[in-house]
Amino acid sequence: AIAGVALHAIPVSSHTLDEYLAVQQRFPAPLVPPYRTATVLMGTGCPHSCFFCQSPVEFRNDSRQVLLRDPQSAAGEIAWLVREHGADAVFALQPNLVLAHLLEVYEALDARGVRGLPIAGFVRAADVARAGRDGLLGPLVDAGVRVLSLGLDIPYVTREDRYGKEFDFSTMDEAVALCTR
């Protein structure tokens, strides 16, 4: 759970749990189909202030405060979705994945006997590049990460950060190269 937020008290709009899992949890995926993708809240907030981002409005949080869900709590919910509802992939709901936190979730899943589960989510190119330099991408791929939705948004015609993403063209290029290996 995220401190101060009762995540399970948030109602799922007008679907029974079985209907929601059977109908709403199917998304197109670049992985071999059919994947039954469960969406799991991993955290809220983002430390960045990209000019175009909807997250501050969507999550009503423009403080740049990041609240991460306890890895044991997230792993418990994911393991339940895998075992009880046949989920075989997860989309992590978080404005910008914290990749070190995701690795902690994978470690907690491993302790529960859930291994190799694809978890996807949104992440800035700069964070992917940093994770590559820090040696974090290899363990994440080994754990199950197959797809990351990269926020690139640095126009190829410029080397400037026009959108406030706090990274430049060469960092974007580095992230793309890491993801295409």
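Source: prediction; values computed, not measured. (Residues numbered from 1 in each chain as written. Predicted model: local features only at pLDDT ≥ 70, side-chain atom pairs only at ≥ 80, totals over all residues. Heavy atoms only, no water.)

## As for the nonpolar core
Now for step 1: Counting 38 residues, the largest nonpolar core has Ile78, Leu99, Leu102, Ile119 and Leu140 as the members making the most contacts within it.
Now for step 2: Secondary-structure elements contributing two or more residues to this core are β1 (37-41), α3 (71-85), β4 (89-93), α4 (99-111), β5 (119-124), α5 (125-133), α6 (137-143) and α7 (169-179).
Now for step 3: At seven residues, the largest contribution of residues to this core is made by α4.
Now for step 4: Those residues within four positions of Ile78 in sequence are excluded, and the remaining contacts are Val40, Met42, Val90, Val105, Leu109, Leu117 and Ile119. (Core = buried A, V, L, I, M, F, W, Y, C linked by side-chain atoms within 4.5 Å. Buried < 20%, exposed > 50% of the residue type's maximum accessible area, 1.4 Å probe, protein only. Helix = DSSP H or I, 4+ residues; strand = E, 2+ residues; numbered from the N terminus. Contact = heavy atoms within 4.5 Å.)

## As for the packing of α5 against α7
Now for step 1: For the pair α5 and α7, interaxial distance at closest approach is 8 Å and the crossing angle is 65°. In this structure, α5 crosses over α7, and the sense of that crossing is left-handed. Residues Ala125, Ala126, Val128, Ala129, Gly132 and Arg133 of α5 form the contact with α7, whose participating residues are Thr171, Met172, Glu174, Ala175, Leu178 and Cys179.
Now for step 2: Of the residues belonging to the contact of α5 with α7, the class tally is eight nonpolar, two polar and two charged. (Axes fitted to C-alpha atoms, helices over the stretch in contact; angles between N-to-C directions. Left-handed = near helix turned anticlockwise from the far one by under 90°. Nonpolar A, V, L, I, M, F, W, Y, C, P; charged D, E, K, R; others polar.)

## Considering the confidence of the model for the chain
Now for step 1: Averaged over every residue, the pLDDT of the chain is 78; the share at 70 or more is 64%.
Now for step 2: Within the chain, α4 carries the highest mean pLDDT (96), whereas helix α2 (residues 55-58) carries the lowest (60). (pLDDT = per-residue confidence, 0-100.)

## Digging into the pattern of salt bridges
Now for step 1: Taken as a whole and assessed by the stated rule, the structure comprises five salt bridges.
Now for step 2: Of the charged contacts in the structure, one is a salt bridge between Arg130 and Asp127, with a shortest N-O distance of 2.9 Å. Of this pair, Arg130 and Asp127 both sit in helix α5, three residues apart, roughly one helical turn. (Salt bridge = Lys/Arg side-chain N within 4 Å of Asp/Glu carboxyl O.)

## A look at the environment of His48
Now for step 1: Within the secondary structure, His48 is located in the loop between β2 (43-44) and α2.
Now for step 2: You can call His48 buried: its relative accessible area is 16%.
Now for step 3: Along the backbone, His48 and Arg124 are 76 residues apart, and their C-alpha atoms lie at a distance of 9.6 Å.

## Remarks on α3
Now for step 1: Here α3 spans 20 Å end to end across 15 residues, near enough to the 21 Å set by a 1.5 Å rise per residue.
Now for step 2: Among all positions in α3, only Pro71, Ala74, Ala75, Glu77, Ile78, Ala79, Leu81 and His85 are buried.
Now for step 3: Where α3 begins, the capping side chain belongs to Asp70, and its oxygen is found 3.1 Å from the backbone nitrogen of Gln72. (Expected span 1.5 Å × (residues − 1). Polar contact = N/O pair within 3.5 Å; in protein donor to acceptor, adjacent residues only side chain to side chain.)

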